[in-house]
Amino acid sequence: MRPTKLTTCLLAATCLLVTSLADARMYRYKDDNGQMVISNTVPQEASTRGYEILNSQGRVVDRIAPAPTEEELQQRAEEERRQQEAAEQLERDKALLRRYRHPDDAVRALHRKIDELEGLNQLKQGNISVIESQLDSEQSKAADLERSGREIPESTLDKIDRLEQQIRELEAEIDAQNREMEEIRESYVEDIERLEVITEQDRTLPLDPDATRENR
């Protein structure tokens with residue numbers, strides 16, 4: 001006997017019902033009083049505490065973890081920060097080892113940099129001495145004119161001002177370079193100390209270039 005259209009529809013409906021029952025989901029969670037509840041929905045306030053998903057046979061098919069607390073979120077953020085810092089430190093260490101194989105290599109680099117900057121300062125100090133000599137000469141001329149009752153030419157006064165300004169500028173450059181030397185020294189010392197840690201080797205050279213020259 002061939003199935004009628006009605007029989008076919010009933011079979012299809014039955015299959016859908018069986019499938020729906022098989023796929024039925026229930027949820028098990030604790031309410032505000034801590035009592036276990038089984039329901040076909042999960043209230044918003046209960047979902048943050050975590051819950052279990054049950055199939056039509058009452059078996060647990062999945063577990064939803066509770067929402068993290070504020071303290072847990074802070075701990076995660078702190079851990080992520082530590083991991084990020086560790087990764088950044090690792091990259092800095094790799095870059096440091098590409099430049100230097102031993103702490104003494106960094107000490108020698110520091111000495112070269114300090115010698116270079118001190119040499120520039122000496123040149124500028126020499127320029128100041130030359131300008132001071134010129135300034136003394138112009139000031140002496142102006143004093144002689146003033147003692148003799150004559151008027152000091154405007155050009156002489158302008159030259160004196162210009163020479164004094166040049167001295168001030170050079171002194172400011174020397175001061176700035178001295179500050180730069182101190183910053184460079186601090187940066188190199190940090191690198192040297194870090195190299196001693198990651199290479200497990202101590203430096204054998206003094207940090208002061210003058211001490212190295214005295215020992216030669």
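Look up a bit, the structure's there.
Residues numbered from 1 in each chain as written. Predicted model: local features only at pLDDT ≥ 70, side-chain atom pairs only at ≥ 80, totals over all residues. Heavy atoms only, no water.

(A) Layout of the packing of helix H4 (residues 103–147) against helix H5 (residues 154–199). One way to put it is that H4 packs onto H5 with a least axis distance of 9 Å and a crossing angle of 170 degrees. Classified by the interaxial angle, the pair formed by H4 and H5 is roughly antiparallel. Residue classes in the contact of H4 with H5 are distributed as 22 nonpolar, 10 polar and 12 charged. (Axes fitted to C-alpha atoms, helices over the stretch in contact; angles between N-to-C directions. Helix = DSSP H or I, 4+ residues; strand = E, 2+ residues; numbered from the N terminus. Parallel < 35°, antiparallel > 145°, perpendicular 65-115°, else oblique. Nonpolar A, V, L, I, M, F, W, Y, C, P; charged D, E, K, R; others polar.)

(B) Representation of the environment of Val61. Along the polypeptide, Val61 turns up in strand E4 (residues 60–64). In the structure, Val61 is positioned 36 residues away from Arg25 in sequence and 9.3 Å away in space, judged by C-alpha atoms. If we skip the residues at most four places from it in the chain, Val61 touches Arg25, Ile53, Leu54 and Asn55. (Contact = heavy atoms within 4.5 Å.)

(C) Here's a closer look at a negative patch on the surface. A contiguous patch of negative charge, built from Glu116, Glu180, Glu182, Glu183, Glu186, Glu190 and Glu193, is present on the exposed surface. If you tally residues by element for the negative patch, the top one is H5, at 6 residues. Following the sequence through the fold, Glu190 ends up in helix H5. On the basis of relative accessibility, which here comes to 55%, the residue Glu190 falls in the exposed class. (Patch = residues over 30% accessible without salt bridge, like charges linked within 9 Å, V, L, I, M, F, W, Y side chains within 5 Å. Areas by Shrake-Rupley, 256 points an atom, 1.4 Å probe, with all protein chains shown as cover. Salt bridge = Lys/Arg side-chain N within 4 Å of Asp/Glu carboxyl O. Lys, Arg positive; Asp, Glu negative; His and termini not counted. Charge placed at Lys NZ, Arg CZ, Asp CG, Glu CD. Buried < 20%, exposed > 50% of the residue type's maximum accessible area, 1.4 Å probe, protein only.)

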